[in-house]
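# A look at the structure
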Amino acid sequence: MRVVVQRSLKANVTVNDEVTGAINHGYVLLVAVTHDDTKEDAYYVADKIAKLRLFEDEHGKLNLSIQEVEGQVLSISQFTLYGDSRKGRRPNFMAAAKPVQAKELYDFFNERLQSEHDLQVETGIFGEMMNVSLLNHGPITLIVESK
């Protein structure tokens, strides 16, 4: 799995001009699944993200996790993170998992963040064209991968 983690002051996602998910502060996650990913990969990445210390403490140091600041998550499925643009001008997406497998692991990943880490998780709609709006805070952006 590959997840882009963006610390955000607020964010939302719309599908067909309707807001399907919104947060006040926390993370915007762009989540991609590849063919050989398993539930163990989703488990690992969810746990890693929940425990990352990307929020400032009283001394301005990045010492607090999203749980400690009572942040929220806006999780967006993003198969294009596995796009390969090394050849030609049109990327290929052969490394991205097929939709059925990707949706199963994406849903499992989001459920893990909610059930095990007590995070509020908002989402877009898997497989739909989405518009994501965010105010990136920092900016702080990381890539977390399972392999």
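The structure under discussion appears in the preceding block.
Okay, so let's go over this structure. (Residues numbered from 1 in each chain as written. Predicted model: local features only at pLDDT ≥ 70, side-chain atom pairs only at ≥ 80, totals over all residues. Heavy atoms only, no water.)

## A short note on the side chain of Asp-37
Among the structural elements, Asp-37 can be located in the loop between strand S3 (26-32) and helix H1 (39-51). Given a relative accessible area of 5%, Asp-37 falls into the buried group. In terms of polar contacts, Asp-37 uses its side chain to reach the backbone amide nitrogen of Met-1, at 2.8 Å. If we skip the residues at most four places from it in the chain, Asp-37 touches Met-1, Ala-32, Tyr-82, Gln-101, Leu-105, Ser-146 and Lys-147. (Helix = DSSP H or I, 4+ residues; strand = E, 2+ residues; numbered from the N terminus. Buried < 20%, exposed > 50% of the residue type's maximum accessible area, 1.4 Å probe, protein only. Polar contact = N/O pair within 3.5 Å; in protein donor to acceptor, adjacent residues only side chain to side chain. Contact = heavy atoms within 4.5 Å.)

## Quick look at the pattern of salt bridges
As enumerated under the stated definition, the model contains six salt bridges in all. Residues joined in a network through salt bridges with shared partners are Asp-47, Arg-112 and Glu-116. (Salt bridge = Lys/Arg side-chain N within 4 Å of Asp/Glu carboxyl O.)

## Some words on the packing of H1 against helix H2 (residues 99-115)
Closest axis-to-axis distance for the H1/H2 pair is 9 Å, and the angle between their directions is 35°. Crossing angle aside, the handedness with which H1 passes H2 is right-handed. Between H1, through Lys-39, Ala-42, Tyr-43, Val-45, Ala-46, Asp-47, Ile-49 and Ala-50, and H2, the contact on the second element is made entirely by Glu-104, Leu-105, Phe-108, Phe-109, Arg-112 and Leu-113. Its residues assigned to classes, the contact of H1 with H2 shows 10 nonpolar, no polar and four charged. (Axes fitted to C-alpha atoms, helices over the stretch in contact; angles between N-to-C directions. Left-handed = near helix turned anticlockwise from the far one by under 90°. Nonpolar A, V, L, I, M, F, W, Y, C, P; charged D, E, K, R; others polar.)

## Section: the packing of aromatic side chains
One pass over the structure, following the stated rule, counts three aromatic pairs. Both rings, one in Phe-79 and one in Phe-93, keep their centres 5.2 Å apart while their planes meet at 70°; by these two values the pair is edge-to-face. Taken together, the residues span a long stretch of sequence, with Phe-79 in the loop between strand S6 (72-77) and H2 and Phe-93 in the loop between S6 and H2 at a distance of 14 residues. On the accessibility criterion, Phe-79 (49% relative accessible area) is partly exposed. (Phe/Tyr/Trp six-rings, centres within 6.5 Å; stacked < 30°, edge-to-face > 60°.)

## As for the nonpolar core
Of all hydrophobic cores here, the largest spans 27 residues; its most connected members are Val-3, Val-5, Tyr-27, Leu-29, Ile-49, Phe-109 and Leu-113. Breaking this core down by element, the ones donating at least two residues are strand S1 (2-15), S3, H1, strand S4 (53-56), H2 and strand S8 (131-145). Excluding anything up to four places from it in sequence, Val-5 contacts Tyr-27, Val-28, Leu-29, Ile-49, Leu-54, Ile-140, Thr-141, Leu-142 and Val-144. One finds Val-13, Ile-23, Leu-30 and Met-130 within the second-largest nonpolar core, a separate group that totals 10 residues. (Core = buried A, V, L, I, M, F, W, Y, C linked by side-chain atoms within 4.5 Å.)

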